[in-house]
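Structure at a glance
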Amino acid sequence: MKKIILEESEIPKQWYNILPDLPSPLDPPLDPETKQPISPEKLKALFPEELIQQEMSDKRWIDIPPEVLDVYAIWRPTPLIRAVNLEEYLDTPAKIYYKYEGTAPPGSHKPNTAVPQAYYNAKEGIKKLTTETGAGQWGSSLAFAGQYFGVEVKVYMVKVSYLQKPYRRVLMETWGAKVIPSPSPYTKSGREILKEDPDNPGSLGIAISEAVEEALENSDTHYSLGSVLNHVLLHQTVIGLEAKKQLAKVKHYPDLIIGSVGGGSNFGGLALPFMLDRLSRDSCTRFIAVEPASCPTLTKGRYDYDFGDTVGFTPLMKMHTLGHDFIPPSIHAGGLRYHGMAPIISKLYDEGLLEAVAVPQTEVFKAAVDFARTEGIVPAPESAHAVKVVIDEALKCRQTGEQKVILFNLSGHGLLDLMAYQKYLEGELSD
Ligand SMILES: *Cc1c(COP(=O)(O)O)cnc(C)c1O
């Protein structure tokens with residue numbers, strides 16, 4: 001079977017929370033001022049109560065509100081597709097499946113968490129959400145989600161992307177969001193950075209500082225983060241829960257699960273429901289997180305407390321990090337240019353439960369083009385990092401003759417990233 005489809009009634013009704021199943025508890029987030037474990041009270045300036053509870057919950061299953069399921073149903077369940085043509089092209093005995101999250105209106109997995117975040121904030125009476133975006137995938141997902149629940153969305157967009165990537169900005173504005181190039185003159189953080197360097201191109205860390213500052217100063221405004229946090233990975237588990245049901249229909253179970261990692265949410269979303277089986281010793285699946293060689297958070301970063309932003313407004317989290325002042329080189333997989341990694345993914349890596357590899361940009365685009373020419377879908381440059389390692393692993397199976405079942409997350413399509421493809425096809429892309 002090529003494509004495994006679920007009924008709308010088979011959308012999971014609960015998210016899977018891995019916190020109670022981790023081999024050892026996560027280290028608590030610290031207050032940026034006192035460096036002591038942060039009180040939930042203080043987090044209330046940024047997040048609604050239900051998300052704060054989810055962030056620390058010890059309940060394994062958390063109900064998905066019906067209002068959220070209603071919006072999920074616009075594009076969920078997403079298909080699970082067997083990459084038959086790619087398998088033939090690679091002449092591999094491996095069975096390759098991908099969960100395709102590009103069917104969401106914004107084109108990636110990110111609305112899986114944008115929708116519940118907008119919902120819980122609206123329920124608490126919040127009028128406005130601020131956030132940051134790099135290339136625009138997260139900003140467009142939150143803009144998309146905000147309109148269903150009457151929440152205004154203001155996006156601080158990294159200035160180089162604002163200037164170079166107009167289409168996602170237009171998408172955000174079409175969905176009613178306000179988009180500001182960052183660093184901006186509207187916040188203290190932005191003004192200070194501009195005073196030192198009026199031509200500062202911006203970074204995700206700076207944009208987060210601006211968005212957090214605005215939320216801290218306005219009582220009707222909260223802040224929303226599209227990756228890294230426990231509640232974000234929780235919401236993304238709909239991906240893995242669906243994939244599990246889909247694979248069961250063809251009586252397969254993955255030997256290998258692969259995903260790209262920026263902050264860790266699409267990989268976590270696919271992997272965590274299967275990690276549950278690994279932790280209870282019911283499976284010996286291998287998990288591989290793929291990151292860009294130019295922003296090697298897991299493979300080269302240290303495992304330590306660090307801020308999520310540049311200025312130091314956010315709580316400190318124990319995670320793999322390249323340092324909050326690290327500015328990654330400008331690569332086309334903008335969604336993978338983040339200095340930190342989800343504490344959950346960092347912990348699992350530290351415990352030896354998952355592996356990580358870093359891959360260079362040109363090899364990623366070669367894999368992306370091979371995928372487009374066999375399977376048809378043009379992958380997002382972020383997702384193409386996973387494709388690259390899937391191809392490597394499938395070729396190893398050709399050597400050994402193993403019929404491994406490989407499952408990966410095709411986290412988004414690349415139809416708004418064609419400039420990057422053009423550069424690659426013209427031979428102008430470098431590592
Ligand atoms: C944002 C993004 C990523 C990286 O973020 P994670 O939180 O690590 O998933 C990967 N793929 C796509 C398509 C994205 O938009």
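Residues numbered from 1 in each chain as written. Predicted model: local features only at pLDDT ≥ 70, side-chain atom pairs only at ≥ 80, totals over all residues. Heavy atoms only, no water.

1. A short note on the packing of aromatic side chains
Counting across every chain of the model gives 14 aromatic pairs. Taking the centre distance of 5.9 Å and the plane angle of 70° together, the rings of W75 and F144 count as edge-to-face. Pair noted here: W75 is in the loop between α3 (66-72) and β4 (80-82) and F144 is in helix α6 (residues 137-146), with a separation of 69 residues, a long-range link. F144 shares its class with W75; the two are buried. Aromatic side chains F365 and Y421 sit 5.3 Å apart centroid to centroid with 75° between the ring planes, which places their arrangement in the edge-to-face category. Highlighted residues: F365 in helix α15 (residues 361-375) and Y421 in helix α17 (residues 418-425), separated in sequence by 56 residues. Overall, the relative accessible area of 2% leaves F365 in the buried class. With relative accessibility at 6%, the residue Y421 sits in the buried group. Aromatic ring contacts, followed pair by pair, group Y72, W75, F144, Y148 and W175 into a single cluster. (Phe/Tyr/Trp six-rings, centres within 6.5 Å; stacked < 30°, edge-to-face > 60°. Helix = DSSP H or I, 4+ residues; strand = E, 2+ residues; numbered from the N terminus. Buried < 20%, exposed > 50% of the residue type's maximum accessible area, 1.4 Å probe, protein only.)

2. Examining the packing of α15 against α17
Where α15 contacts α17, the axes come no closer than 11 Å and their chain directions differ by 105°. In terms of orientation, α15 lies roughly perpendicular with respect to α17. Residues T362, F365, K366, A368, V369 and R373 of α15 form the contact with α17, whose own contacting residues are A420, Y421, Y424 and L425. (Axes fitted to C-alpha atoms, helices over the stretch in contact; angles between N-to-C directions. Parallel < 35°, antiparallel > 145°, perpendicular 65-115°, else oblique. Contact = heavy atoms within 4.5 Å.)

3. Quick look at the side chain of R168
Along the polypeptide, R168 turns up in helix α8 (residues 166-174). Here R168 occupies a buried position and makes no salt bridge, while the nearest side chain of opposite charge, D417, is found at 5.0 Å. Within the structure, R168 has its side chain in polar contact with the backbone oxygen of P106 (distance 3.2 Å). Apart from residues lying up to four places away in sequence, R168 is in contact with P106, A135, G136, Q137, S140 and L416. (Lys, Arg positive; Asp, Glu negative; His and termini not counted. Salt bridge = Lys/Arg side-chain N within 4 Å of Asp/Glu carboxyl O. Polar contact = N/O pair within 3.5 Å; in protein donor to acceptor, adjacent residues only side chain to side chain.)

4. A short note on the site of the ligand
The environment of the ligand is made up of 19 residues, and the closest members are K110, S227, G262, S265 and S411. Assessed atom by atom at 2 Å from the grid points, the ligand resides in the largest cavity. For the shell around the ligand, the elements supplying multiple residues, two or more each, are α12 (265-279) and α16 (381-400). Across the shell around the ligand, the residue classes tally to three nonpolar, 14 polar and two charged. (Near = heavy atom within 4 Å. 1 Å grid on protein atoms, 1.4 Å probe; cavity = no way out; pocket = protein on both sides within 12 Å on 5 of 7 lines; lining within 4 Å. Sits in = over half its atoms within 2 Å of the grid points. Nonpolar A, V, L, I, M, F, W, Y, C, P; charged D, E, K, R; others polar.)

5. Let's talk about the packing of α15 against α16
The interhelical angle for the contact between α15 and α16, taken along N-to-C directions, is 85°, at an axis separation of 8 Å. As far as their axial angle goes, α16 and α15 are roughly perpendicular. In contact with E363, V364, F365, A367, A368, D370 and F371 of α15, α16 contributes P381, A384, H385, V387, K388 and I391. Residue composition of the contact of α15 with α16, by class: nine nonpolar, one polar and three charged.

6. Side note on α16
With 20 residues, α16 ought to run about 28 Å at 1.5 Å a step, and its terminal C-alpha atoms sit 29 Å apart, in line with that. Positive phi appears at G401, one or two residues downstream of α16, with a value of about 80°. (Expected span 1.5 Å × (residues − 1).)

7. With respect to empty space enclosed by the protein
All told, the structure shown has two cavities of 30 Å³ or more when counted by the stated rule. If you add up the space inside the largest cavity, you get close to 430 Å³. Mapped by element, the contributors of at least two residues to the lining of the largest cavity are β6 (128-133), α6, α10 (204-217), α12 and α16. When the residues that make up the lining of the largest cavity are grouped by side-chain class, the tally is ten nonpolar, 21 polar and four charged. The computed volume of the second largest cavity comes to approximately 50 Å³. (Points joined across faces, edges and corners; volume = space filled by probe spheres on them.)

8. Details of the sheet that holds strand β7 (residues 152-158)
Read across the open sheet, the four strands follow the order β8-β7-β6-β9; overall the sheet is parallel. For this open sheet the edge positions go to β8 (178-182) and β9 (221-223), each flanked by a neighbour on one side alone. This sheet shows a mean twist of 25° between the axes of neighbouring strands, independent of strand direction. Where β6 meets β7, six bridges bridge the pair, whose relative direction is parallel. When the bridges of β7 are listed, K128 appears paired with E152. Of the strands in this sheet, β6 and β7 are in contact with α6, which crosses β6 at around 160°. Sitting on the sheet, α10 touches β6, β7, β8 and β9, and the angle it makes with β6 is about 170°. (Pairing = 2+ DSSP bridges.)

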